[in-house]
Amino acid sequence: MAKSLLPIFLSLLITASASASASDWNILSQRSKNGLKISLKNYCESWRLNVELHNIRFFQVVPEECVSYIGKYVTSTQYKVDSERTIEECIVYLSKGCELKGDGTDAWIFDIDDTLISTVPYYKKNQYGGKKLNLTDLEAWMSKANAPILGHTLRLFNLLKARGVDIILISARREGLRSATIENLVQVGYHGWTNLILRSPEDEKKGVEQYKADVRRRLVNGGYHIWGIVGDQYSSIQGSPSGRRTFKLPNPMYYVY
Ligand SMILES: *[C@@H]1O[C@H](CO)[C@@H](O)[C@H](O)[C@H]1NC(C)=O
């Protein structure tokens, strides 16, 4: 059933990315060839799931007809539960699957945005990703250092610190945001990381995935064991070298690569 529906989804996605409008939706509200009726919620939930499965890639905006659904999701209890579950799995791995060296070479990597702190308040004002990113605007918001905490990640952060693991923050944020980033992180309760790595003008010439992989290469060459990476983007966990394990937090609002 799912397989034979694929052409419909694909043509819808193409329609959506070309010129999405609520009226495009009506095609689907009718019975499909297979007699399967799907709702807008079915469609958007499937869009979100396939973003998280990394089947849908390089999207520039959330499809217009799903903006309301995505907005509801990222402000829902479900989003919190999903994120907490990710962190819970990190903690299980840390306590059962991780044989830390304990000699100062243990490392764990975190993203910043939508991993340690949340950009949802910014995206709330920008159609939850339904509007094409304006970097000037986003950086102006980041420079205010008001991003709220994702509290479940702080729990893992503190646990790692207590276990003597060096915490390395690697973000696609640019160097110019360093002091605002530190201020924001400290204000909400993060402190004691080992290194905060932001993008230099040189790094901006390469894609985010390459930039992050290059940073990890330097860490590994320097003797670090990267036990885990937690991020909300595939560009934070793909590329070589990676971590021994990687954990993907939900984020259906934007795609960084
Ligand atoms: C981005 O936002 C800034 C500040 O709000 C605005 O001046 C600029 O025109 C916007 N750029 C685009 C491409 O929309």
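Residues numbered from 1 in each chain as written. Predicted model: local features only at pLDDT ≥ 70, side-chain atom pairs only at ≥ 80, totals over all residues.

- As annotated in an unreviewed UniProt entry, the protein is Acid phosphatase 1-like from Citrullus colocynthis.
- Looking at the Sequence similarities (unreviewed entry) heading of the UniProt record, one finds this comment for the protein: "Belongs to the APS1/VSP family."
- Recorded in UniProt under Function (unreviewed entry), the annotation for the protein is "May function as somatic storage protein during early seedling development." (UniProt positions renumbered as here; feature names shortened; annotations may be inferred.)

1. What about the environment of Arg155?
In step 1: Relative to the helices and strands, Arg155 is located in helix 8 (residues 151–162).
In step 2: Look at Arg155 and you get partly exposed, because 14 C-beta atoms sit within 10 Å.
In step 3: Spatially, the C-alpha atoms of Arg155 and Tyr190 are 9.9 Å apart, while their sequence positions differ by 35 residues. (Helix = DSSP H or I, 4+ residues; strand = E, 2+ residues; numbered from the N terminus. Buried ≥ 20, exposed ≤ 12 C-beta atoms within 10 Å, placed from the backbone.)

2. Section: the nonpolar core
In step 1: Counting residues in hydrophobic clusters, the biggest one holds 28 residues, and the most contacted among them are Ala107, Trp108, Ile109, Leu116 and Ile226.
In step 2: When residues of this core are traced back to their parent elements, those giving at least two are helix 5 (77–96), strand 1 (106–110), helix 8, strand 2 (166–174) and strand 4 (225–231).
In step 3: The contact partners of Ile226, leaving out residues within four places of it in the chain, are Ala107, Ile109, Arg216, Leu219, Val220, Gly243 and Arg244.
In step 4: If you look at the next biggest cluster of nonpolar residues, it comprises 16 residues, including Cys44, Tyr69, Tyr128 and Tyr254. (Core = buried A, V, L, I, M, F, W, Y, C linked by C-beta atoms within 7 Å. Contact = placed C-beta atoms within 7 Å.)

3. Observations concerning the sheet that holds strand 5 (residues 245–248)
In a beta sheet, neighbouring strands are held together by backbone hydrogen bonds and run either parallel or antiparallel to one another.
In step 1: Spatially, 3-2-1-4-5 is the arrangement adopted by the five strands of the open sheet, whose pairing is parallel. The outermost strands of the open sheet, each flanked by one partner alone, are strand 3 (195–199) and strand 5. Neighbour to neighbour, the strand axes of the sheet diverge by 20° on average, direction disregarded.
In step 2: Across four bridges, the pairing between strand 4 and strand 5 is parallel. Pairing of Val230 across the sheet is with Phe247, part of strand 5.
In step 3: On the sheet, helix 5 packs against strand 4 and strand 5 and is oriented at approximately 165° with respect to strand 5. (Pairing = 2+ DSSP bridges. Axes fitted to C-alpha atoms, helices over the stretch in contact; angles between N-to-C directions.)

4. Description of unusual backbone geometry
In step 1: The omega torsion of the bond from Ser240 to Pro241 falls at -5°, within 30 degrees of zero and hence cis.
In step 2: Note that Pro241 resides in the loop between strand 4 and strand 5.
In step 3: Although it is not a glycine, His54 adopts a positive phi angle of roughly 65°.
In step 4: Here His54 shows up in the loop between helix 3 (40–52) and helix 4 (67–74).
In step 5: In this structure, Asp114 is a non-glycine residue whose phi angle is positive, near 60°.
In step 6: Here Asp114 is to be found in the loop between strand 1 and helix 6 (120–124).
In step 7: By the C-beta count within 10 Å, which is 24 here, Asp114 ends up buried.

5. Some thoughts on the pairing of strand 1
In step 1: Across the five residues that make up strand 1, a large majority, five, are buried.
In step 2: Residues of strand 1 alternate between two faces, with Asp106, Trp108 and Phe110 on one and Ala107 and Ile109 on the opposite face, all of them buried.
In step 3: Sheet analysis places strand 1 next to strand 4, joined by five bridges and oriented parallel. Along strand 4, the bridge assignment pairs Trp108 with Gly228.
In step 4: Alignment of strand 1 against strand 2, held across four bridges, turns out to be parallel. If you follow Phe110 over to strand 2, its bridge partner there is Leu169.

6. A short note on the environment of Tyr93
In step 1: Among the secondary structure elements, Tyr93 is positioned in helix 5.
In step 2: In sequence terms Tyr93 and Arg245 are 152 residues apart; their C-alpha atoms lie 8.7 Å from each other.
In step 3: Beyond its immediate sequence surroundings of up to four residues, Tyr93 is in contact with Cys98, Gly228 and Arg245.

7. A few points about helix 8
In step 1: Here helix 8 contains twelve residues, and its C-alpha end-to-end distance of 17 Å stays within 8% of the 16 Å for a straight helix at 1.5 Å per residue.
In step 2: Those residues of helix 8 that fall on the buried side of the exposure criterion are Thr153, Leu156, Phe157 and Leu160. Angular distribution of buried residues about the axis of helix 8 spans 105°; they occupy a single face of the element.
In step 3: Buried residues along helix 8 sit in contact with helix 5, strand 1 and strand 2.
In step 4: Looking one or two residues past helix 8, Gly164 carries a phi angle of roughly 80°, positive in sign. (Expected span 1.5 Å × (residues − 1). Arc of directions from axis to C-beta.)

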